[in-house]
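# Observations on the model geometry
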Amino acid sequence: APKLPREVALKAHWLSVDGVQPSIPDNPAPLSRDQQKEECVDPKVALKKASQLKPNQHQKNQMEMVRAKPLATHELSVEQQLYYKEMTEACVGSDEGRRAEALQSLTHDPGLHAMLPRVCTFISEGVKVNVVQNNLALLTCLMRMVRALLDNHNLYLEKYLHQLIPAVLTCVVSKQLCGRPDVDNHWALRDFAARVLAQICYNLNTTTNCVQTRVTRLLSQRLDRDSLPLSSCYGVVSALCELSPEVQRTFLFKRFKLIGERIRVYFETPNVSTDKTLLTAADKSAADRIKQLLLNKLPHFLSTSRPIPDVLEKYKTEFGYLGPALHSDMAQQTKHKKTSLVTTDDGNEDNRQQIGFDANVCPNSSRGQSSRVL
């Protein structure tokens, strides 16, 4: 049975407190996203507004005569400071229910622009501290905070990219994010941070800051280093795969063969020295993850971007060690597409036959009527 609709109810909220509109979801945003962008692009707008708010000397003298006690002005009100404290503690705390509520507030609250500098600083400093301490759980919580801020359509984050992008890139390419890299699932954090980085590039890239170009250049330069750890290599490849197909074609395809030759040794060397067992186990896990990532992402892109001859030797020549596995995946995708096309054609033929049969027997159809007239 369908659920009964909720009863009509009234909810009271403050329109003004001491002459100031409180920043709650029920009230309109005190500063819209367009106004935030205008102040970010042209700082003179903010200075002009501040000068308009300053009283002249005559008004100042009158205010000093009337005012009974001095007023201490703070950048954040007491309520906002309390909200910031509760929100940050909930986001990095152990209570999943409170964390979900705090992230929901970061995603939808329209009045966060005043405390946005503090929140971005909290995220940036938190990543710096927890990367050193290899605290995987807190790093994940901080990346979820970044994702919530990006999903909030009332905020304009371009002024804080110098704090957010280094924090996200750290979670993508850092050598070690946890205490046991061969056991802990830090790959999920790298994938999530790569998606957050791609969202930043999509939403905040302009012709002025060129965020996507600069991030792509930085990642590709890191990928060219022979000393780059395999865990960092996985993060770079994951981030490039999350960006546009043009990025994959330009920066990833020409390095596909070099990446394959680099991870090849970890699959062909059966024995390792005992003094480097832990390190080699982590590297072998990273090599396996890189191979799976490339074979999961690239065959679909290759099948849609350019035709490649279905010849194994050409795959070996162009893609090196990973060529045979890529050729096998491409062959399976081609076979699956042909099977689906045949199934679709058979289904369409059956539908056409069924439609024709129904038209002959249906009394309301035009063919049924014409046959009876004849």
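This one's a predicted model, so the numbers in the text were calculated from it and none came from an experiment.

This next bit is on the overall build of the protein chain. Scanning the protein chain from terminus to terminus reveals 17 helices and zero strands. Expressed as a percentage of the 374 residues in the protein chain, the buried residues total 36%. As displayed, the protein chain offers around 23,400 Å² of accessible surface, 55% of which is attributable to carbon and sulfur atoms.

Moving on to the packing of helix H9 (residues 187–204) against helix H11 (residues 230–242). Packing of H9 against H11 brings their axes to within 8 Å, and their N-to-C directions diverge by 40°. Our classification of the angle between H9 and H11 gives oblique. Here H9 and H11 pass one another in a crossing that is right-handed. Mapping the contact onto sequence places Trp187, Arg190, Asp191, Ala194, Arg195, Leu197, Ala198 and Tyr202 in H9 and Ser231, Ser232, Tyr234, Gly235, Ser238, Ala239 and Glu242 in H11. Across the contact of H9 with H11, the residue classes break down as seven nonpolar, four polar and four charged.

Our next topic: the side chain of Ser105. Considering the arrangement of structural elements, one finds Ser105 in helix H5 (residues 96–108). A polar side-chain atom of Ser105 sits 2.5 Å from a polar atom in the side chain of Tyr83. The residues contacting Ser105, other than those within four sequence positions of it, are Tyr83 and Leu112.

Moving on, we get to the pattern of salt bridges. Enumeration according to the criterion identifies 11 salt bridges in this entry. One salt bridge in this structure joins Glu86 and Arg98, with 3.2 Å as the shortest N-O distance. Highlighted residues: Glu86 in helix H4 (residues 78–91) and Arg98 in helix H5, separated in sequence by 12 residues. For Glu86, a relative accessible area of 36% gives the class partly exposed. Where Arg144 meets Glu96, a salt bridge forms, and the shortest distance between an N and an O atom there is 3.7 Å. Taken together, the residues Arg144 in helix H7 (residues 136–151) and Glu96 in helix H5 connect sequence positions 48 residues apart. Residues joined in a network through salt bridges with shared partners are Glu96, Arg99 and Arg144.

Turning our eyes to something else, we now look at the confidence of the model for the protein chain. Close inspection of predicted coordinates is inappropriate in any region flagged by low pLDDT. Considering every residue of the protein chain, the mean pLDDT works out to 77; 69% of them sit at 70 or more. For residues 65–74, every residue scores under 50 in pLDDT, and the model assigns this stretch one contact once sequence neighbours within four places are set aside. The low-confidence segment residues 272–279, where pLDDT is below 50, has two contacts with residues more than four positions distant or belonging to other chains.

A word on the packing of aromatic side chains. Pairs of aromatic rings are described using the distance from one ring centre to the other and the angle between the two planes. Scanning all chains against the criterion turns up one aromatic pair. Both rings, one in Trp187 and one in Tyr234, keep their centres 5.0 Å apart while their planes meet at 75°; by these two values the pair is edge-to-face. Here Tyr234 lies in helix H11 and Trp187 lies in helix H9, a separation of 47 residues in the sequence. The pair Trp187 / Tyr234 is uniform in exposure class, with both members buried.

Turning our eyes to something else, we now look at the state of the cysteines. The full count for this structure, using the stated rule, is zero disulfides. With no disulfide of its own, Cys91 lies 7.9 Å from the sulfur of Cys141, the closest cysteine sulfur. Residue class for Cys91 comes out buried when judged on its relative accessible area of 1%. The buried category is assigned to Cys141, whose relative accessible area is 9%.

Bringing the side chain of Ser231 into the picture now. Locating Ser231 in the fold gives a position in helix H11. When near neighbours in sequence (up to four residues on either side) are disregarded, Ser231 contacts Ser174, Lys175, His186, Trp187, Arg190 and Ala286.

All right, on to helix H8 (residues 161–173) then. Its 13 residues give H8 an end-to-end C-alpha distance of 18 Å, which sits within 8% of 18 Å, the value for a rise of 1.5 Å per residue. Counting buried positions along H8 gives 10 out of 13 residues, so the element sits mostly inside the fold. All of the buried residues along H8 are Leu161, Gln163, Leu164, Ile165, Ala167, Val168, Leu169, Cys171, Val172 and Val173. On its buried side, H8 packs onto helix H6 (116–132), H7, H9, helix H10 (211–223) and H11.

Orientation of H7 relative to H9, taken along the N-to-C sense of each, is 20°, at an axis distance of 10 Å. As the angle between them shows, H7 and H9 are arranged roughly parallel. Like other packed secondary-structure pairs, H7 and H9 cross with a definite hand, here left-handed. Contacts between H7 and H9 involve Leu136, Leu139, Thr140, Met143, Arg144, Val146, Arg147, Leu150 and Asp151 from the former and Leu189, Phe192, Ala193, Val196, Gln199, Ile200, Asn203 and Leu204 from the latter. For the contact of H7 with H9, a count of residues per class yields 11 nonpolar, three polar and three charged.

Further remarks concern the environment of Thr213. For Thr213, the position within the fold is in helix H10. C-alpha of Thr213 to C-alpha of Cys201: the two residues are 12 residues apart in sequence and 8.8 Å apart in space.

We now examine unusual backbone geometry. At Asn134, a position not held by glycine, the phi torsion is positive, near 55°. By secondary structure assignment, the location of Asn134 is in the loop between H6 and H7. The backbone of Cys210 shows a phi angle near 50°, a positive value even though the residue is not glycine. Within the element layout of this structure, Cys210 appears in the loop between H9 and H10. On the basis of relative accessibility, which here comes to 30%, the residue Cys210 falls in the partly exposed class.

Cut-offs used in this document
- Residues numbered from 1 in each chain as written.
- Predicted model: local features only at pLDDT ≥ 70, side-chain atom pairs only at ≥ 80, totals over all residues.
- Heavy atoms only, no water.
- Helix = DSSP H or I, 4+ residues; strand = E, 2+ residues; numbered from the N terminus.
- Buried < 20%, exposed > 50% of the residue type's maximum accessible area, 1.4 Å probe, protein only.
- Areas by Shrake-Rupley, 256 points an atom, 1.4 Å probe, with all protein chains shown as cover.
- Axes fitted to C-alpha atoms, helices over the stretch in contact; angles between N-to-C directions.
- Parallel < 35°, antiparallel > 145°, perpendicular 65-115°, else oblique.
- Left-handed = near helix turned anticlockwise from the far one by under 90°.
- Contact = heavy atoms within 4.5 Å.
- Nonpolar A, V, L, I, M, F, W, Y, C, P; charged D, E, K, R; others polar.
- Polar contact = N/O pair within 3.5 Å; in protein donor to acceptor, adjacent residues only side chain to side chain.
- Salt bridge = Lys/Arg side-chain N within 4 Å of Asp/Glu carboxyl O.
- pLDDT = per-residue confidence, 0-100.
- Phe/Tyr/Trp six-rings, centres within 6.5 Å; stacked < 30°, edge-to-face > 60°.
- Disulfide = S-S within 2.5 Å.
- Expected span 1.5 Å × (residues − 1).

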